[in-house]
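Coordinate analysis (summary)
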Amino acid sequence: MLANLQRLFRYRSLIQTLVVRDLKARYRGSVLGFFWSFANPLLLLMVYTFVFSVVLPGRFPGVEENYALFLFCGLLPWTWFSASLIEASNSLLVNGNLIKKVLFPAEVLPVVAVIANMVHFFLALPILLLALAFFASRLPTISELLWFPVVIAVQFVMSLGFGLFLAALTVHFRDIKDLLSNLLTLWFFGTPILYPWTIVADRGPSIAGLPPAGKVLLDLNPFAHLTISYQEILFYDGPYGHWKWLLVTALVSIGLFISGYALFDRLRDSFAEEV
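Summarised in this report is the structure supplied together with it.

Quick notes on the rules
- Residues numbered from 1 in each chain as written.
- Predicted model: local features only at pLDDT ≥ 70, side-chain atom pairs only at ≥ 80, totals over all residues.
- Heavy atoms only, no water.
- Helix = DSSP H or I, 4+ residues; strand = E, 2+ residues; numbered from the N terminus.
- Contact = heavy atoms within 4.5 Å.
- Expected span 1.5 Å × (residues − 1).
- Bend = angle between axes of the 7 residues up to and from the residue.
- Salt bridge = Lys/Arg side-chain N within 4 Å of Asp/Glu carboxyl O.
- Buried < 20%, exposed > 50% of the residue type's maximum accessible area, 1.4 Å probe, protein only.
- Axes fitted to C-alpha atoms, helices over the stretch in contact; angles between N-to-C directions.
- Parallel < 35°, antiparallel > 145°, perpendicular 65-115°, else oblique.
- Left-handed = near helix turned anticlockwise from the far one by under 90°.
- Core = buried A, V, L, I, M, F, W, Y, C linked by side-chain atoms within 4.5 Å.
- Phe/Tyr/Trp six-rings, centres within 6.5 Å; stacked < 30°, edge-to-face > 60°.

From N to C terminus, the protein chain includes 14 helices and zero strands. For the protein chain, the α and β elements follow one another from N to C terminus as α-α-α-α-α-α-α-α-α-α-α-α-α-α. Summarising the internal contacts of the protein chain: among those between residues at least 6 apart in sequence, 78% fall at separations of at least 24.

Here the focus is helix α7 (residues 108-135). Helix length check: α7 (28 residues) gives 40 Å between terminal C-alpha atoms against 40 Å at 1.5 Å per residue, within 8%. Its maximal kink placed at Ala-124, α7 deviates by approximately 30°, while the proline Pro-126 follows within four residues. Looking one or two residues past α7, Ser-137 carries a phi angle of roughly 50°, positive in sign.

A few words on the pattern of salt bridges. Under the definition given, this model contains three salt bridges. Across the pair Arg-268 and Glu-107 runs a salt bridge, and its minimum N-O distance is 2.9 Å. Here Glu-107 lies in the loop between α6 (96-99) and α7 and Arg-268 lies in the loop between α13 (243-267) and α14 (271-274), a separation of 161 residues in the sequence. When its relative accessible area of 3% is taken as the criterion, Glu-107 is described as buried. Here Asp-219 makes a salt bridge to Lys-215, at a shortest N to O gap of 2.9 Å. In this pair, Asp-219 and Lys-215 both sit in helix α11 (residues 213-220), four residues apart, roughly one turn of the helix. Take Asp-219: its relative accessible area is 22%, and that puts it in the partly exposed class. One network of salt bridges, with partners in common, ties together Glu-107, Asp-265 and Arg-268.

This part takes up the packing of helix α2 (residues 12-26) against α7. Packing of α2 against α7 brings their axes to within 9 Å, and their N-to-C directions diverge by 55°. Accordingly, the angle class assigned to the pair α2 and α7 is oblique. Viewed along their axes, α2 and α7 form a crossing whose handedness is right-handed. Across the interface between the two elements, Leu-14, Ile-15, Leu-18, Val-19, Asp-22, Leu-23 and Arg-26 of α2 pack against Val-108, Leu-109, Val-111, Val-112, Ile-115, Ala-116, Asn-117, Val-119 and His-120 of α7.

Glancing now at the nonpolar core. Counting 70 residues, the largest nonpolar core has Leu-92 and Tyr-230 as the members making the most contacts within it. When neighbours within four sequence positions are excluded, Tyr-230 is seen to be in contact with Cys-73, Pro-77, Trp-80, Phe-121, Phe-148, Val-151, Ile-152, Gln-155 and Phe-235.

Once that is clear, we can look at the packing of aromatic side chains. Inspection of the entire model under this criterion finds 21 aromatic pairs. Note on Tyr-67 and Phe-70: the rings are 6.0 Å apart at their centroids and 35° apart in plane angle, and the pair reads as tilted. Remark: Phe-70 and Tyr-67 occur in helix α4 (residues 67-89); sequence separation between them is three residues, near one turn of the helix. Taken as a pair, Tyr-67 and Phe-70 share a single burial class, namely buried. Ring centres of Phe-81 and Phe-162 lie 6.0 Å apart, and the angle between their planes is 80°; on these two criteria the pair is classed as edge-to-face. Here the residue Phe-81 occupies a position in helix α4, and Phe-162 occupies one in helix α8 (residues 142-172), the gap between them amounting to 81 residues. Among the aromatic side chains, those forming a connected cluster through ring pairs are Trp-78, Phe-81, Phe-162, Trp-187, Phe-188, Phe-189 and Phe-223.

All we've got here are geometric facts, nothing functional implied.
Now the structure itself:
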């Protein structure tokens, strides 16, 4: 496994080529092309601003005035995460012609799915930063900006870990790709994206001196800590205080990536037959 993992770095040119191919294919035939990477988040932000400022004004404490921006701070990374998992889970099946070729490194396909969606996240990020500066007069401080790449790196490793797991298992169990969309919907509502995490943290019964059930569920949700990190860095004023949970999430993500790659490496010989 370690030898294959070391070779993954040497495939960086192949990964870059496949990422570019994926990005071009996504906008092939459209008039605006890559401009949609900027237009889509801008239009989405305008819709959310109208809905939650005029139709359904936000009533969550601390985020009432700029609820659309608060929502966007969690929605953009979630879109990267969920799209990466869905595309990675189906990546081996879609590219079966490549899998059947001798010496083709199958593990690059889930990696391409994660990186391609990360590129879309980066393209949408300036829209969010400009909106924060214009509507909320808020830009991250230098100390917060130093933590921002760490949050992105943790999400990248976590997405790769889940992507490798799902890609390897979906080849053998096709029901996973249908089940995944429902699980992601449940996961979305269990993550503090639509609501501040403080509302949930104090809810639920407390048994045998344990914290409230809401806090326990948030603590066990790895993406919740990423979402809170993005919100504290981009939206809330004050120092970034969730760094301890971020480091714990980083360790979990590294373990997830190693486990996912080990499973992928163990099953790789069966991929050509199953696709």
